[in-house]
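Here's the letter readout for the chains.
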Amino acid sequence: MDPYSPDWNKYFTEAQINEIKSENRPLLPELPNELREYIFSYRSKKDLPSIIQRRREVDFDPIEQMDLYWARKAIVEASDLFIYKYFPLNNHTEGDLVHRVWEFLEKCFDGSQMTVCSGEKTSRASSDRKNKGREASNETGQIARKVVGTKTDLHFQANDLEYGCAEAGLTSDANSTKAVNEGRLKLPRTMKDIFNKLVLESPAAVRDIKVGGFLISGLQLTALILDSPIGKICRITRVGPYDFPTSVSFFSKKMIPLLALIWQMKTLMNAVVNIVENEDTIIMPSTTSNPIEEREALIEPCMSSPKICPQKRKRKNDEKLYDSLEQESIKNI
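Predicted model, so just to flag it, every value in this text is computed and none were measured.

Basis of the calculations
Residues numbered from 1 in each chain as written. Predicted model: local features only at pLDDT ≥ 70, side-chain atom pairs only at ≥ 80, totals over all residues. Heavy atoms only, no water. 1 Å grid on protein atoms, 1.4 Å probe; cavity = no way out; pocket = protein on both sides within 12 Å on 5 of 7 lines; lining within 4 Å. Points joined across faces, edges and corners; volume = space filled by probe spheres on them. Helix = DSSP H or I, 4+ residues; strand = E, 2+ residues; numbered from the N terminus. Nonpolar A, V, L, I, M, F, W, Y, C, P; charged D, E, K, R; others polar. pLDDT = per-residue confidence, 0-100. Contact = heavy atoms within 4.5 Å. Axes fitted to C-alpha atoms, helices over the stretch in contact; angles between N-to-C directions. Parallel < 35°, antiparallel > 145°, perpendicular 65-115°, else oblique. Left-handed = near helix turned anticlockwise from the far one by under 90°. Phe/Tyr/Trp six-rings, centres within 6.5 Å; stacked < 30°, edge-to-face > 60°. Buried < 20%, exposed > 50% of the residue type's maximum accessible area, 1.4 Å probe, protein only. Lys NZ or Arg CZ within 6 Å of the ring centre and 35° of its normal. Core = buried A, V, L, I, M, F, W, Y, C linked by side-chain atoms within 4.5 Å.

## Let's talk about empty space enclosed by the protein
Link 1 in the chain: On inspection of all chains with the given rule, the structure shows two cavities of 30 Å³ or more.
Link 2 in the chain: The space that makes up the second largest cavity amounts to roughly 40 Å³.
Link 3 in the chain: Among the secondary structure elements, those contributing two or more residues to the lining of the second largest cavity are α8 (177-201) and β4 (211-217).
Link 4 in the chain: The residue makeup of the lining of the second largest cavity, split by class, is three nonpolar, three polar and two charged.

## Here we look at the confidence of the model for the chain
Link 1 in the chain: Averaged over all residues, the pLDDT of the chain equals 83, while 78% of them reach at least 70.
Link 2 in the chain: For the chain, per-element mean pLDDT is lowest for helix α11 (residues 311-332), which scores 49, and highest for helix α2 (residues 33-40), which scores 97.
Link 3 in the chain: This model gives residues 325-333 a pLDDT under 50, and the stretch forms zero contacts once residues within four places in sequence are excluded.

## Structural notes on the packing of α2 against helix α4 (residues 66-83)
Link 1 in the chain: In contact at an axis separation of 10 Å, α2 and α4 are set at 15° when each is read in the N-to-C sense. Comparing their axes, α4 and α2 come out roughly parallel. The two elements α2 and α4 meet at a crossing, and its hand is right-handed. Where α2 approaches α4, its residues Glu34, Leu35, Tyr38 and Ile39 are matched on the opposing element by Asp67, Leu68, Ala71, Arg72 and Ile75.
Link 2 in the chain: Classifying every residue of the contact of α2 with α4 by side-chain character gives six nonpolar, no polar and three charged.

## Re the environment of Ile275
Link 1 in the chain: Looking at the element boundaries, Ile275 is found in helix α9 (residues 251-278).
Link 2 in the chain: Residues Ile275 and Ser202, spaced 73 residues apart in sequence, show a C-alpha to C-alpha distance of 8.4 Å.
Link 3 in the chain: For Ile275, the contacting residues outside a window of four places in its chain are Ala205 and Asp208.

## A word on the packing of aromatic side chains
Link 1 in the chain: Under the counting rule described, the total for this entry stands at 13 aromatic pairs.
Link 2 in the chain: The interplanar angle of 65° and the centroid separation of 6.1 Å between the aromatic rings of Trp8 and Tyr11 together place this pair among those described as edge-to-face.
Link 3 in the chain: The exposure class assigned to Tyr11 is exposed, which follows from its relative accessible area of 59%.
Link 4 in the chain: Relative to Phe251, the ring of Phe82 has its centre 6.1 Å away and its plane inclined at 85°; by these criteria the two rings are edge-to-face. Remark: Phe251 occurs in helix α9 and Phe82 occurs in helix α4; sequence separation between them is 169 residues. This pair shows no difference in class: Phe82 is buried, exactly as Phe251 is.
Link 5 in the chain: Through a chain of ring-to-ring contacts, three or more aromatic side chains come together here, namely Phe82, Tyr86, Phe87, Trp102, Phe104, Phe244 and Phe251.
Link 6 in the chain: Against the face of Tyr4 rests Lys21, its NZ or CZ located 4.3 Å from the ring centre.

## So, the nonpolar core
Link 1 in the chain: Within the largest apolar cluster, 74 residues are counted, with the highest numbers of intra-cluster contacts made by Phe104, Phe156 and Phe244.
Link 2 in the chain: Here the element with the most residues in this core is α9; it accounts for 15 residues.

## Brief notes about unusual backbone geometry
Link 1 in the chain: Along the chain, Phe87 connects to Pro88 via a cis peptide bond; the corresponding omega equals 0°.
Link 2 in the chain: By secondary structure assignment, the location of Pro88 is in the loop between α4 and α5 (94-101).
Link 3 in the chain: Pro241 follows Gly240 through a cis peptide bond whose omega is 15°.
Link 4 in the chain: Of note, the phi angle at Asn91 is positive, near 55°, even though the residue is not glycine.
Link 5 in the chain: Among the structural elements, Asn91 can be located in the loop between α4 and α5.
Link 6 in the chain: Exposure remark for Asn91: the relative accessible area of 82% places this residue in the exposed category.

Printed below as a string of structure tokens:
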């Protein structure tokens, strides 16, 4: 359930929506003092010369000071976009957006417990859900074709398990069809598939597992956290959107919250990796019960998306059916 979606206003009062949002609300980790002090040192820098000067004043060790090294590099690469006049965005692709403007999101996970895969990669958890029961034969007696899982722009994984995903779009219009489909349907559904897969691995941690998600809408970033506060249904918590700076005078004002949010989400997701790997439930073999099915029943999976037949294709199929029936009737005359 996404209590931030206006669709639920028809079914719940404002007080009920707020109660759903606040019940065992997931909290973002606090920034370390050193990281906070460093990123806030840019607070008064409102022109390129002062930003560049601050960049030169300090350097960090990439091994011993990993988070500080990332933050400095993120500031350098983001401010370089203004030096080389990268804005406004014209004729850019989603790939340009992810790997030039938002590259510091992916790089924040360097050296962490997770690896990041990019480039419209299929979610394994989504594929497993869509192909459950595929072994059953269809009406023709043949095995149904394997359904491709949902593809998102970034996947966050550790030890063959997914812990989050991200979806990117070029437009910053939150009400565009693409933004609605990806932000309210595609991304949350994929996150729930990932959540169910993690619960299957660590059922005792169902209330502690949180799946991270990022929605990139042009120059805006929204973080999503999917959890199950009472262990029955899933809930989405949204943080943002936060804007990427498009002018140097707003650089620190916009960049500092983005750096903080991305670091906080990485830390939250790393904590979930530890929870899942340390949860020691052992499933023993049994012929009297199916413990795997019992674990799958903890949280209901997403419903399959309806298949919409294009009207043009439907007309062509109707015409083919009509022609075959006509030929058959001619033979029977």
